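The primary structure of each chain is shown beneath.
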Amino acid sequence: MPRDYEKGAYPEPPRQTPAVDKQTALPNPALILSKLFFYTVDLPVTTFRDTIDSIRSKNKLVYYHQKFRRVPDLTECQEGDYPCYYEAEMQWRRDYKVDQEIVKVIQERMRACQQREGFSYEQNCAKEIQQFKEVTKNYQSRYGDLGAYASARKCLMKQKERMMAAQAQSA
C-alpha cells in the first residue's frame, strides 16, 4: 500500500445485518393465520376461477356489432305481405337510430371545436358548423314532424307529400 493511503476516502462496505435472534419458541400467530387463509380460502377459489376461465377460453364468443341484411322498404313490399311490412318497419327503425347517432357525433365534433377555439369558433369551425347544419337539415326533412309514434309508413307518407309539393312548385 502506498504511504499516502487515506482510509476515510474509501470507506469499507457495510457489514451484513445479523439475523434476528428469536426470543420465543412459539410460532408467529399472524403467519399461521395468513397460511390458514391462503390454503382454506384463497387457493381453492383461485383454482376454481382458473379452471372456469380455461373452460370459457375454449368456448369464447366473439362480441361484435350485430349485422342485419338490408330488407326492402315499404314501397317494394307486396300488398298484404305483413312479414315484409314488419321487416321494413324494423329496418326503418334501425336507420332512424343510426341517423340519430350520426347527428349526435357531428354535434359532438362541432361542440368540441367550439370549446377548443373559444371566441373565434365561427371562423375556425366553419366546416364543422356547415356539416352540422347540413346533417340536421337532412334529418329534419326526413324525420321532422313524425311525432312520438313515428313509423316507416308515416315517414313514407311525409316523403310522398314532400315530392308532391316539389312537383306542384315546379309546375
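Scroll up for the structure.
All figures in this text were calculated on a predicted structure; none of them were measured in a lab.

## Structural notes on the environment of Thr47
Residue position: Thr47 is located in helix H1 (residues 29–58). Exposure remark for Thr47: the relative accessible area of 43% places this residue in the partly exposed category. Counting along the chain gives 71 residues from Thr47 to Gly118, while the straight-line C-alpha distance between them is 56 Å. Here the side chain of Thr47 touches Leu43 through a polar contact of 2.7 Å, landing on its backbone oxygen.

## Brief notes about the side chain of Glu89
Structurally, Glu89 can be placed in helix H2 (residues 82–117). Take Glu89: its relative accessible area is 15%, and that puts it in the buried class. In this view, Glu89 contacts Ala150, Ser151, Ala152 and Arg153; residues no more than four positions away in its chain are not counted.

## A word on a nonpolar patch on the surface
A grouping of Phe37, Val41 and Val45 is seen on the molecular surface, where their side chains present a nonpolar patch of about 270 Å² in accessible area. Summarising the element assignment, Phe37 is placed in helix H1. The exposure class assigned to Phe37 is partly exposed, which follows from its relative accessible area of 49%.

The rules we used
- Residues numbered from 1 in each chain as written.
- Predicted model: local features only at pLDDT ≥ 70, side-chain atom pairs only at ≥ 80, totals over all residues.
- Heavy atoms only, no water.
- Helix = DSSP H or I, 4+ residues; strand = E, 2+ residues; numbered from the N terminus.
- Buried < 20%, exposed > 50% of the residue type's maximum accessible area, 1.4 Å probe, protein only.
- Polar contact = N/O pair within 3.5 Å; in protein donor to acceptor, adjacent residues only side chain to side chain.
- Contact = heavy atoms within 4.5 Å.
- Patch = residues over 30% accessible without salt bridge, like charges linked within 9 Å, V, L, I, M, F, W, Y side chains within 5 Å.
- Areas by Shrake-Rupley, 256 points an atom, 1.4 Å probe, with all protein chains shown as cover.
- Salt bridge = Lys/Arg side-chain N within 4 Å of Asp/Glu carboxyl O.

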